[in-house]
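# Working through the structure, step by step
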Amino acid sequence: MFVRLTGCNLRCTWCDTAYAFHGGTKMSVEDVLARVDALAGRADGLSGAQAKVPLVELTGGEPLLQEEIYPLAEKLIAAGYAVMIETSGERYAGRLPREVIKIMDVKCPDSGEADTFEMRNLEVLNAKDEVKFVLATRRDYEFAREFTVEHRLAERVKQVLFSPVFEDPAGKWPGLEPRKLVEWMLADGLPVRLGLQLHKFVWDPTTKGV
Ligand code: SF4
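Below: a short report on this structure. (Residues numbered from 1 in each chain as written. Predicted model: local features only at pLDDT ≥ 70, side-chain atom pairs only at ≥ 80, totals over all residues. Heavy atoms only, no water.)

## Description of the overall build of the chain
Under the convention used in this document: Secondary structure elements are taken from DSSP: a helix is a run of H or I of four residues or more, a strand is a run of E of two residues or more, and numbering for both begins at the N terminus. We take the radius of gyration over the C-alpha atoms and set the globule estimate at 2.2 Å times the residue count to the 0.38 power. Only protein chains enter the calculation, and the probe is 1.4 Å; a residue is then buried if its accessible area is under 20% of its type maximum, exposed if over 50%, and partly exposed in between. For the charge count, each Lys or Arg is scored as positive and each Asp or Glu as negative, with His and the chain ends excluded. Lys charges are placed at NZ, Arg charges at CZ, Asp charges at CG and Glu charges at CD.
Scanning the chain for helices and strands turns up 7 helices and 7 strands. Listing the helices and strands of the chain from first to last along the sequence gives β-α-β-α-β-β-α-β-α-α-β-α-β-α. Taken against the 2.2 N^0.38 rule, which gives 17 Å for 210 residues, the C-alpha radius of gyration of the chain at 17 Å falls within 12% of a compact globule. Along the first, second and third principal axes, the C-alpha set of the chain runs to 55 × 40 × 30 Å. Burial analysis of the chain (210 residues in total) assigns 44% to the buried set. The chain carries 27 positive and 32 negative side-chain charges, and their two centres are separated by 2 Å.

Right, here's the structure in full:
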């Protein structure tokens, strides 16, 4: 289940969740927990681990911009859910409960948000976490390759993901062909995995909520 928080302080050129920059519904932490329990099918007295949906992902926008993310994450874990967070890497993630699985971006040059990575986050990442690079160009790939090697990311985290930009259906930005990216990865023999936005291949790429 996704809990999508409104607002982001970055403006990646290929952002596909710009609808999350504004709007949304103001909810207290307790409101969010009650909604998660209802949607997850967690019965009274049962652990979140036994719910029909035992995994909650906190995302955005940028979820670390809201102070309430910390009590929300703590309470979800206390309720027994597995909790993940998707973050741009621009905010320090060291205040999250240690059980939270972090999926952390490092922004590449052609995102338009280069050099926004909070370097202290390298010390916060651990063996259950993932680092993700979203790649638009060969220049992005070379940046991601150097960053991965220089900071020995593959030794720090569960996996390093290289994910090609998916072409905007409305033509606002071009994509990077997955096959091209795979050829670069194989040629260099990098200890990284390909990450595709599977929902955009399974459903119409503009469909939300899948
Ligand atoms: S950090 Fe994420 S939500 Fe924010 S602009 Fe970039 S892609 Fe969009």
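## Quick word on the site of the ligand
The following threshold applies: One heavy atom suffices: a residue is near a molecule or strand as soon as one of its heavy atoms comes within 4 Å of it. Three classes are used: nonpolar for Ala, Val, Leu, Ile, Met, Phe, Trp, Tyr, Cys and Pro, charged for Asp, Glu, Lys and Arg, and polar for all others, with Gly counted as polar.
Taken together, C8, L10, R11, C12, W14, C15, T17, F21, G61, S88 and K107 form the complete shell of residues around the ligand. For the shell around the ligand, the class distribution of residues is 6 nonpolar, 3 polar and 2 charged.

## Some remarks on the pattern of salt bridges
Short version of the rule: Salt bridges are counted wherever a side-chain nitrogen of Lys or Arg sits within 4 Å of a carboxyl oxygen of Asp or Glu.
The tally for this structure, following the rule as stated, stands at 17 salt bridges. In this structure, E30 and K75 form a salt bridge, with 2.8 Å as the shortest nitrogen-oxygen distance. Taken together, the residues E30 in helix α1 (residues 29-40) and K75 in helix α2 (residues 69-78) connect sequence positions 45 residues apart. For K75, a relative accessible area of 36% puts it in the partly exposed group.

## Notes on the packing of aromatic side chains
This is how it is decided: Two rings belonging to Phe, Tyr or Trp (six-membered ring only in the last case) form a pair when the distance between their centres is within 6.5 Å. Interplanar angles under 30 degrees mark stacking, angles over 60 mark edge-to-face geometry, and anything in between is tilted. Look at NZ for Lys and CZ for Arg. If either is within 6 Å of the ring centre and within 35 degrees of the ring normal, a charge sits over the ring.
For the structure shown, the criterion picks out 8 aromatic pairs. An angle of 70 degrees between the planes, with centres 5.9 Å apart, marks the rings of F133 and F147 as edge-to-face. Here F133, found in strand β5 (residues 130-135), pairs with F147, found in helix α4 (residues 138-150); they are 14 residues apart in sequence, far enough to count as distant. Accessibility assignment for this pair places F133 and F147 in one class, buried. On the basis of an interplanar angle of 75 degrees and a centroid distance of 5.4 Å, the ring pair of F133 and F162 is categorised as edge-to-face. A residue pair is termed long-range when its members are at least 10 positions apart, and F133 in strand β5 and F162 in strand β6 (residues 159-164) qualify at 29 residues. Considered together, F133 and F162 belong to a single accessibility category, that of buried residues. It is R95 that lies over the ring of Y70; its NZ or CZ is 4.0 Å from the centre.

## Topic: α1
Convention followed: The span you would expect from a helix comes to 1.5 Å times its residue count less one. By arc we mean the arc of the directions from the helix axis to the C-beta atoms, nothing more. Any two residues whose heavy atoms approach within 4.5 Å at even a single point are treated as in contact.
Over its 12 residues, α1 extends 16 Å from the first C-alpha to the last, a length consistent with the 16 Å expected when each residue adds 1.5 Å. Considered for burial, the residues of α1 that qualify are V29, V32, L33, V36 and A40. Taken end-on, α1 shows its buried residues confined to a sector of 100 degrees, consistent with a single buried face. On its buried face, α1 sits against β1 (2-4), β2 (55-59) and α2.

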